[in-house]
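What the coordinates show
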Number of protein chains: 4
Amino acid sequence: MSAPQKKLRVAVLGATGAVGQQFIRLLDGHPWFDVTAVCASERSAGKTYAEAAKWVLGTDIPASVAGLTVQDASEIADVDLAFSGLDASVAQAIERAYAEAGIPVVSNTRNYRMQADVPLLIPEVNPDHTALVERQSFDPAGRGFIVTNPNCSTVGLVCALKPLHDAYGVEALHVVTMQALSGAGYPGVPSLDSLANVIPHIGGEEDKMAAEPLKILGTLGPDGVENATFTVSAQCNRVPVWDGHLLCVSVKLRGNPSADEARETLRNAPDPLADLGLPTSPERWLLVDDAPDAPQTRRHVHRGNGMTVSVGKVQPCPVLGVKFVALVHNTVRGAAGGAVLNAELLVAQGRIVARA
Amino acid sequence: MSAPQKKLRVAVLGATGAVGQQFIRLLDGHPWFDVTAVCASERSAGKTYAEAAKWVLGTDIPASVAGLTVQDASEIADVDLAFSGLDASVAQAIERAYAEAGIPVVSNTRNYRMQADVPLLIPEVNPDHTALVERQSFDPAGRGFIVTNPNCSTVGLVCALKPLHDAYGVEALHVVTMQALSGAGYPGVPSLDSLANVIPHIGGEEDKMAAEPLKILGTLGPDGVENATFTVSAQCNRVPVWDGHLLCVSVKLRGNPSADEARETLRNAPDPLADLGLPTSPERWLLVDDAPDAPQTRRHVHRGNGMTVSVGKVQPCPVLGVKFVALVHNTVRGAAGGAVLNAELLVAQGRIVARA
Amino acid sequence: MSAPQKKLRVAVLGATGAVGQQFIRLLDGHPWFDVTAVCASERSAGKTYAEAAKWVLGTDIPASVAGLTVQDASEIADVDLAFSGLDASVAQAIERAYAEAGIPVVSNTRNYRMQADVPLLIPEVNPDHTALVERQSFDPAGRGFIVTNPNCSTVGLVCALKPLHDAYGVEALHVVTMQALSGAGYPGVPSLDSLANVIPHIGGEEDKMAAEPLKILGTLGPDGVENATFTVSAQCNRVPVWDGHLLCVSVKLRGNPSADEARETLRNAPDPLADLGLPTSPERWLLVDDAPDAPQTRRHVHRGNGMTVSVGKVQPCPVLGVKFVALVHNTVRGAAGGAVLNAELLVAQGRIVARA
Amino acid sequence: MSAPQKKLRVAVLGATGAVGQQFIRLLDGHPWFDVTAVCASERSAGKTYAEAAKWVLGTDIPASVAGLTVQDASEIADVDLAFSGLDASVAQAIERAYAEAGIPVVSNTRNYRMQADVPLLIPEVNPDHTALVERQSFDPAGRGFIVTNPNCSTVGLVCALKPLHDAYGVEALHVVTMQALSGAGYPGVPSLDSLANVIPHIGGEEDKMAAEPLKILGTLGPDGVENATFTVSAQCNRVPVWDGHLLCVSVKLRGNPSADEARETLRNAPDPLADLGLPTSPERWLLVDDAPDAPQTRRHVHRGNGMTVSVGKVQPCPVLGVKFVALVHNTVRGAAGGAVLNAELLVAQGRIVARA
């Protein structure tokens, strides 16, 4: 049985920001987690959440949270688990402080992603990496730790690569992204920069996409993660869509499988979460869509409540071998939803439990 | 001296369509050409142009054309030159008929592009290919012939490749396109398919981008064009922008020049039209923009009145060697504007002259 | 108890069109209705629904419908109830045929809206108008009849007017609409007409908005509906949003209540469906939002699963008395969702029952 | 002869902002004015204009300005004329200082608009109001003064009202605006607030639209402007278009002329600038478009290089008498272009001259 015996008390750190709002939306009615603390900057502290947050989502603020009083994120809330959507400029110290206080932090922020003993986790891809938390030194008692999820674009890429890497081994790949405006947070991209425009630049994104997949697809050895060794070249673009990062990927695989073989490998990807009953786990974590014009950002991004990665147009690439298109919901699977699923896995593994 | 002694009388074939409208807009006030005939389907024939055309451009119909009576495109107009924006379903016969009647056809339609004796022309790239018209057999007197311009995406790609191919030789390339809605003509893409959406599919586009560059960058030999031999892999996407196809290109060049070398090669690309005084020739046909977030579709597509191809973000590609971004105005440089420039070159070369 | 004893078998007429797709989406998992027949043009008949429909919604086709074989809409399906999203060009005969065959038709199509004995129904506004069906002569046995819902813009307007008309009486009003692209169906508005554009024209819309409210807000007398008598002036615009018609309304009310009084009247509007347990009835059918920048199309259109009409910015109008903004989800409350709620009311009233 | 004997030296105040950029774009190649000073905040001072400005327009920075060194706007530049696009928070003092220094200020900023002795000027509407500058006390020598142009939405409204007010007299009007994103400046509206959304709120806009028309359409009497006395009710909305405010206007005119009469009155509006040869004066300052779906924002906003106000859909309004739609280019006619035309009129009137 995966489910906790009683609901865990959860803090959302950075609760008023764009990622924090997604956490609150996704945790509304969650069967395992209760949002009992919303934490933000000192400026917001003391206000009700409804007053403090400029809510930007297309749903109303959940009633159970609207009236909560915002706490100063620099003070440790009394919870069983903290989700972090903190700005990177403040996350380093606050996440550490929570972990040191014995509270697991499941973070969407980038600060600890590449630290050797911190899992960069996608539950269907590298669930075994959670064992890394045992090496963390934040909390001698072993209860507090930090787990991160990857950058939103990386998630879509790695989900699609996972079955191919397992079956053949990735040697090199080229990826061009078409990323949604919501990926830039709020206020994010000015409308005069985005309306009917493509911007071929997202700061730091190409580097993240080159580095993070190697850690996620690395193997857990006695000395931690041994990174995978393939080469990634990324070109990242901002396009005027709301949610959903679409990726055009061309990949060189060992043994040069045909596109048809690769497609079937993708279609038959196993789901290591299948029997765990995690509430946020979608029916299909990876879906191969055979329509010639799929996946489309707007039309297919909500599959599996935003947790399904769609792959399509798996074709021969005369340059690298196989090419395809992948679509990931950047603020759900690629951010808050991915973090919630991470937490659910950690609960199922017994690594997060209710505090006395 | 390039300019004709008197203005040439010009027909626009397919005048009511999206490309035809661009021809009419671009030819308004042209110093060499006078639109004296607007030709369309039988259904439009007999109406004034203003009545027949559902004008979709952001300028009013030029007054000199608004009152012209539309002629049936299947009858040969008495002109010195015909620009064709005909639908591919009817272009084959009509363009041939014009050429056989001794009237040069400068076509934006795809039908004759890959025919061995028909130039697939970009004036700055392969101006010598116009000699192919001497091999055409449409008109024994040699006055009528067909010259085509490439597919809109191909134009942007090939303009950026030309200096690199000359300097190093292209071995292989991967290109992902983000193409404007105007490329689909009118009515084209339904708004419910385009609003805040990316569609990873444009029918036939990937094949054109793989084939056309090899002909354009081929060399003119005794037996016609000897195609270039590099490999192209294209993934084409429709994005919600008005005008402008943005291309993310990664290229393998002989000798593996650095990105810095490639950038300078692009920056110093010569302009073979520099001394010809062609009215539509822009100040810079290829512009390297060093800003980190350029070229952007909306912001830079109008450079050189839409005739300048902008290149930016020239960087090392760990997979293929060099990568960059290129932007082309699809309905100007990539369609009607390119065809007008083609005609100007043919006039300057003495291949198009006023008929008695 | 409102619920039927067993689920009713439902046909969707015009099932492959934009409205038909919304019916199918909204009826997926409906507790009272089972879609057992999908009916469309002869051209689609015989195909599976998944083959026949170009599905345009942002969810996948419900599995229970994807495999149904499409039937020719001109043949009467064996069902308890038909929802019609037929094109107006064919609806007249087909809807009549169903009614004559004893099958109630709940239609979103405009053909019968203004017919004297056909209810133009919004359940919260004029539920008593359903009694009109007893006067219909389609089916002597009285089981078959036709009920319609209003034009999408009218629904938003009338829902906001209802409490004001009841409390004060409307004398005149001016309304400017900003209507979503989905209101034009599929393929609907070409993207080149919609991208970053406003079109101040929607064919026939201004007339519908002037006529329909008078019938809906009319009173049921011995001779049918006695129309309300106020004056409506409408200016209708298409704006580049996906779903949601936003209305700027200025209204002259008898007795000249203040904006504050009008706001409270709107806020306290009773819900005549409150105790009926209709599955599609939202928690709030009319919601007054006091935020200074609400309601916003994208952000608030999904309230109540698209069934809530939001009203905001209730202010004094120096010209007519009171002005406000209203938002209605045009394809849910204003179309298929409204029709489903109509059917639910008719079931609750015992006017639609399972056939033997 | 209107033209100055030699070109006037011009400063642009607030040169790096969105309005300042429009000034610089519009003054590029202007036959009467040379931009010799670009002035902005202390933070930008000392940089080249190209370095200091985040240029957001769809053209490149004019070469003649790109290399100018930005001056601190709080120091008076040595020029014949200053155009002000200053932020309202600093305009009060700086504009006054320029006027006191004997330099005419033609301002787009709102601070002095409603001051009794400051013209709120639209050259075709109230050219005689420029005489107000003789009453200003900034500069005893009478050379320095301040002239303002109205809020962008007001301009479109008043241009359309002017011929009607002259012919009949306006009694009351209701206007709903659909305003472009560029009206909010840069960075302005976040893309997550604007994509596929309508926001029914623009701070302060409704008040400006109620007050400014009364001054502009007032008459110049012995004691200054006697305001017009009609009633205005405005509802202002932000819609996702780039440039162009579209207004739906319903107006009550004295004598209740028919819509046909009103249309012809609009069509025959005289142009008081017709013989002045002002470089920015368009061929038609007010254009009546009879197409049923015109004016459209994107398609018609550029008429007259953005200086033409288009009016269409002049119809009977059953509530107020006559209704119509008007379109104004908010950053050209409604801002920088209007200010340049104001300056041209002042030059033609001899009120602005080259300093010794």
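These figures come from a predicted structure and were not determined experimentally. (Residues numbered from 1 in each chain as written. Chains lettered and ligands numbered in written order. Predicted model: local features only at pLDDT ≥ 70, side-chain atom pairs only at ≥ 80, totals over all residues.)

Focus: the overall build of chain A
Within chain A one finds ten helices and 14 strands. The principal-axis extent of the C-alpha atoms belonging to chain A is close to 60 × 50 × 30 Å. Looking at chain A as a whole, 62% of its 356 residues qualify as buried. (Helix = DSSP H or I, 4+ residues; strand = E, 2+ residues; numbered from the N terminus. Buried ≥ 20, exposed ≤ 12 C-beta atoms within 10 Å, placed from the backbone.)

A look at the interface of chain B and chain C
Between chain B and chain C, the contact holds 14 residues from the first and 14 residues from the second. Split into classes, the residues belonging to the side of chain B that touches chain C amount to ten nonpolar, four polar and no charged. (Contact = placed C-beta atoms within 7 Å. Nonpolar A, V, L, I, M, F, W, Y, C, P; charged D, E, K, R; others polar.)

Examining the relation of the copies chain B and chain A
Each copy of the chain is related to the other by a rotation around an axis and a translation along that axis. The transform that puts chain B on chain A rotates by 180° and translates by 0.0 Å along the axis, for an RMSD of 0.0 Å. Here the transformation between the copies is reduced to the relation of a two-fold axis. A share of 100% of the interface residues of chain B reappears at the interface of chain A, consistent with the copies meeting face to face through the same patch. (Least-squares fit on C-alpha atoms with pLDDT ≥ 70 in both.)

A short note on the sheet that holds strand E3 (residues 71-72) of chain D
All names here are of chain D. Strand order in this open sheet of six strands is E3-E2-E1-E4-E5-E6, and the pairing throughout is parallel. Looking along the sheet, the strands with just one partner apiece sit at the ends: E3 and strand E6 (146-148). Packed on one face of the sheet, helix H4 (residues 88-100) meets strand E1 (8-13), strand E4 (81-84), strand E5 (105-107) and E6 and runs near 150° to E5. Sheet contacts for helix H10 (residues 332-348): E4, E5 and E6; angle to E5, the most-contacted strand, approximately 150°. (Pairing = 2+ DSSP bridges. Axes fitted to C-alpha atoms, helices over the stretch in contact; angles between N-to-C directions.)

Focus on the domain arrangement of chain A
Residues and elements named next belong to chain A. Segmenting chain A into domains produces domain 1 (8-150 + 336-348) and domain 2 (152-330). Domain 1 and domain 2 are separated by 24 Å when their C-alpha centres are compared. For the side of domain 1 that touches domain 2, the element with the most residues is helix H10 (residues 332-348), which contributes seven residues. Among the residues making up the side of domain 1 that touches domain 2, the classes are represented as 18 nonpolar, six polar and six charged. (Domains from an automatic or database assignment.)

Some thoughts on the interface of chain B and chain A
Taken together, the contact between chain B and chain A spans 34 residues of the former and 34 residues of the latter. Where the side of chain B that touches chain A is concerned, the elements lending two or more residues are strand E7 (170-179), strand E10 (231-238), strand E11 (245-253), helix H9 (297-300), strand E13 (309-317) and strand E14 (321-328) of chain B. When its residues are assigned to classes, the side of chain B that touches chain A shows 18 nonpolar, eleven polar and five charged.

Things to note about the environment of Asp243 of chain C
All names here are of chain C. Tracing the sequence through the fold places Asp243 in the loop between strand E10 (231-238) and strand E11 (245-253). Of the residues examined, Asp243 has 22 C-beta atoms within 10 Å and is grouped as buried. As a C-alpha pair, Asp243 and Pro4 span 239 residues in sequence and 32 Å in three-dimensional space. When near neighbours in sequence (up to four residues on either side) are disregarded, Asp243 contacts Ala180, Ser182, Val301, His329, Asn330 and Thr331.

Considerations on helix H5 (residues 152-167) of chain B
Taking 1.5 Å per residue, 16 residues should reach 22 Å; H5 of chain B reaches 24 Å between its end C-alpha atoms and fits that length. Gly169 of chain B lies just past H5 of chain B and shows a positive phi near 95°. (Expected span 1.5 Å × (residues − 1).)

Here's the deal with the sheet that holds strand E12 (residues 286-289) of chain B
Residues and elements named next belong to chain B. Across the sheet, which stays open at both edges, the six strands sit in the order E10-E7-E11-E14-E13-E12 with mixed pairing between neighbours. On the outer flanks of this sheet lie E10 and E12, each paired with one strand and no other. In this sheet, adjacent strand axes meet at a mean angle of 25° when their direction is disregarded. Of the pairings in the sheet, the one linking E11 to E14 comprises seven bridges and is antiparallel in character. Within E14, the position partnered with Ser250 by the bridge is Lys323.

What about the pairing of strand E2 (residues 33-40) of chain C?
Residues and elements named next belong to chain C. The buried fraction of E2 amounts to six of the eight residues, a majority that puts the element mostly inside the structure. Pairing of strand E1 (residues 8-13) with E2, which is carried by six bridges, proceeds in the parallel orientation. Its bridge partner being in E2, Leu8 is matched across the sheet by Phe33. Relative to strand E3 (residues 70-72), E2 runs parallel, the two being bridged by three bridges. Following the sheet pairing, Ala40 is matched in E3 by Asp72.

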